[in-house]
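# Close look at the chain arrangement
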Amino acid sequence: MAIMGCGMARAMTLDIDQCRQLAISSNKSLKAASQQQMAAYYERKEAFTKYFPRVNGVGAYMRTGDELAIVSAEQKGMLNALVPGVGDELRTDTRNLGTLGATLTQPIYMGGKIRAYNRITHYAERVAQARYDLTLQNLVVEVDETFWTIANLQEKKKLIDSNISMLKQLQANVDALVEAGMSTKADQLSVAVKLNEAEIAQIQIDNGIDMARLLMCQLCGLDMDTDITLTLTSIEDLPMAMDAPTLVSQAWSQRDELKMLNLGSKVAQEKVKVARAEFLPSVALTAGYLSTYPSLFDGFEKKLKGTWGVGVAVSVPIVTSGERFYKVKAQKAEAIAAEFEEEEAKEKVELQVNQSVKRLRETRERVIAAQTAVAEADENVRTASIGVQEGVIPVINGIQAQTAWISAHSQLVEAQIDLRLALLYLDQSIGAVNVK
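Going along each chain's sequence as written, the residues are numbered from 1 onward. Selection of residues for local features in this predicted model requires a pLDDT of at least 70, selection of side-chain atom pairs for listing and counting requires 80 or more, and totals for whole chains, interfaces and linings are taken over all residues. Hydrogens and water are ignored here; the side-chain numbers use all heavy atoms of the structure.

## Describing the sheet that holds strand E6 (residues 282-293)
What counts is decided by this rule: At least two DSSP bridges between two strands are needed for those strands to be called paired. By the criteria applied, helices consist of DSSP H or I runs no shorter than four residues and strands consist of E runs no shorter than two, each listed in order from the N terminus. Orientation is described by lines fitted to C-alpha atoms, with helices fitted over the stretch in contact, and by angles between N-to-C directions that extend from 0 to 180 degrees.
As summarised here, the arrangement of the four strands in space is E3-E4-E6-E7, forming an open sheet in which the pairing is antiparallel. With partners counted over all chains shown, the strands left at the sheet margins are strand E3 (54-63) and strand E7 (305-315), one partner each. Geometrically, the sheet is characterised by an average inter-axis angle of 20° between neighbouring strands, direction not taken into account. In the sheet, strand E4 (residues 96-109) pairs with E6 via eleven bridges, with the strands oriented antiparallel. Bridge pairing links Thr103 to Gly288 in E6.

See the structure below:
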């Protein structure tokens, strides 16, 4: 990666892998997907804790205006008459009330809800991973599309620059022929018109490159005034035709969208189990320790004393007016709907793969045809240039040869870029985009 300081702007030379890495490191949607993946991980961890006991502490204090009385004031007076001072001993002094304790609850049987909940969060974590991978692949595809758009424009700019140079040379030759009386002003005007059209096309292509560079800067997290130049690699060998059925099977196993739908179907099935669990009893072991002030274990003592207890809590649904029944039916319907969505998505993926294979074959043939056309155009423009210069070929023929040359080379550039994109879209259709 080449970086040069130039005032406030920077100039960078990037290849496609560097563009991808810059985009991956700066993309906020990808960072958000990473955080969602982390959240799903912690939710799975939290679900696993449902298997273990819960211990809760409790404490309370209350100040009351009056105290509790074991005997009435009249009875207390009678007792004092019989045994002096005994009435005072019977005071409870419960105006300051307090409790302190701890409880333990251990699930024993919850109708399968805990196991189903753990499976749901496990699937949810895998969904988050697939969503992250899908976000990453889509980002890489967008970067590659932008990269090859700029590459297309850069290559066409080279063609236009070369065309302008040749037209200027043709213009000089025609000017010399006009001075020699071997050509006309009309020929000069024809060349001038073609040169003007080429210069306008040059301005348009420069503007197109600038717009595409802005998008690439945004994708890569670079300043908008960064001057990006792309390093291109040529296609050494044309890709061979590929077997669509094999690629369809590969897509069904690799596409993140299908993984997410499959996991969603499994989640829906687990939710059916959760709904069914509502019909079943739940059993839990309970244990605890409770202390009170005043103590109640040996009369009313101004002490904090307590005792422990162990028990079993059982909850059995008896009458729910059909609520649980309808809930199970609803969850079953959602599970069936999820299966249909997955099947439909697989059909669409199969169609997409077949379309991508067909597009790759077509672009491959276009490249071969364009290469042949370029070879012919190069020879034609060479002989036409010599003929015009020597005055044996009309200027219009030279212009036509030059127009055919720029057209042939432009079609080759477009075909080669389309071939790159066809390979990219085929990889995307089977879930095999290179994200490194």
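From this point, the narrative continues.
## Considering the packing of helix H5 (residues 113-179) against helix H6 (residues 185-220)
To keep things clear, this is the line we draw: What sets the label is the angle itself: under 35 degrees gives roughly parallel, over 145 gives roughly antiparallel, 65 to 115 gives roughly perpendicular, and the rest give oblique. Take the far helix as your reference; a near helix turned counterclockwise from it by less than a right angle gives a left-handed crossing, and one turned clockwise gives a right-handed crossing. Ten residue types, Ala, Val, Leu, Ile, Met, Phe, Trp, Tyr, Cys and Pro, are classed as nonpolar, four, Asp, Glu, Lys and Arg, as charged, and the remainder, Gly among them, as polar.
Here H5 crosses H6 at 160°, and the two axes come no closer than 8 Å. Put simply, H5 runs roughly antiparallel to H6. Read as a crossing pair, H5 and H6 show a hand that is left-handed. Taken together, the residues of the contact of H5 with H6 sort by class into 22 nonpolar, eight polar and twelve charged.

## Let's talk about the pairing of E6
Relative to E7, E6 runs antiparallel, the two sharing eleven bridges. The residue bridging Ala287 from the neighbouring strand is Val310, located in E7.

## Topic: the environment of Thr229
Under the convention used in this document: For each residue, the accessible area found with a 1.4 Å probe, counting protein chains only, is set against the maximum for its type, and the residue is called buried under 20%, exposed over 50%, and partly exposed in between. We call two residues contacting when some pair of their heavy atoms lies within 4.5 Å.
With respect to the element layout, Thr229 can be found in strand E5 (residues 227-230). What makes Thr229 partly exposed here is its relative accessible area of 34%. A sequence separation of 67 residues divides Thr229 from Ser162, and the C-alpha atoms of the two residues are 19 Å apart. Discounting residues that sit within four places of it in the chain, Thr229 has contacts with Met12, Thr13, Leu14 and Gln154.

## Side note on the side chain of Ser410
By secondary structure assignment, the location of Ser410 is in helix H10 (residues 395-429). By relative accessible area, which is 18% here, Ser410 ends up buried. Ignoring anything within four residues of it in the chain, the contact list for Ser410 reads Lys156 and Leu159.

## Topic: the confidence of the model for the protein
Here is the rule we go by: Each residue carries a pLDDT score, the predictor's confidence in it, ranging from 0 to 100.
Overall, the predicted model of the protein reaches an average pLDDT of 87, with 92% of residues at or above 70. Per-element averaging of pLDDT across the protein places strand E1 (residues 2-6) at the bottom with 45 and helix H2 (residues 28-48) at the top with 95. Confidence drops under pLDDT 50 across residues 2-7; counting only partners more than four residues distant or on other chains, this segment forms nine contacts.

## What to know about the side chain of Ser429
Position of Ser429 among the secondary structure elements: in helix H10. Residue Ser429 is classed as buried on the basis of its relative accessible area of 0%. Look past the residues within four positions of Ser429 in its chain and what remains in contact with it is Ala251, Arg255, Val349, Gln352, Val353 and Ser356.

## So, the pairing of E4
Sheet topology note: the E3/E4 ladder contains ten bridges and is antiparallel. If you follow Arg54 over to E4, its bridge partner there is Thr105.

## Observations concerning helix H8 (residues 256-277)
Each full turn of the α-helix corresponds to 3.6 residues, which orients residues three or four apart in the same direction. Rule in force here: The span one expects for a helix is its residue count, reduced by one, times 1.5 Å.
Taking 1.5 Å as the rise per residue, H8 with 22 residues should run 32 Å; its terminal C-alpha atoms sit 31 Å apart, in good agreement. Within H8, the full set of buried residues consists of Asp256, Leu258, Leu263, Ser265, Val267, Ala268, Glu270, Val272, Ala275 and Ala277. Contact partners of the buried residues in H8: H5, helix H7 (244-254) and helix H9 (323-390).

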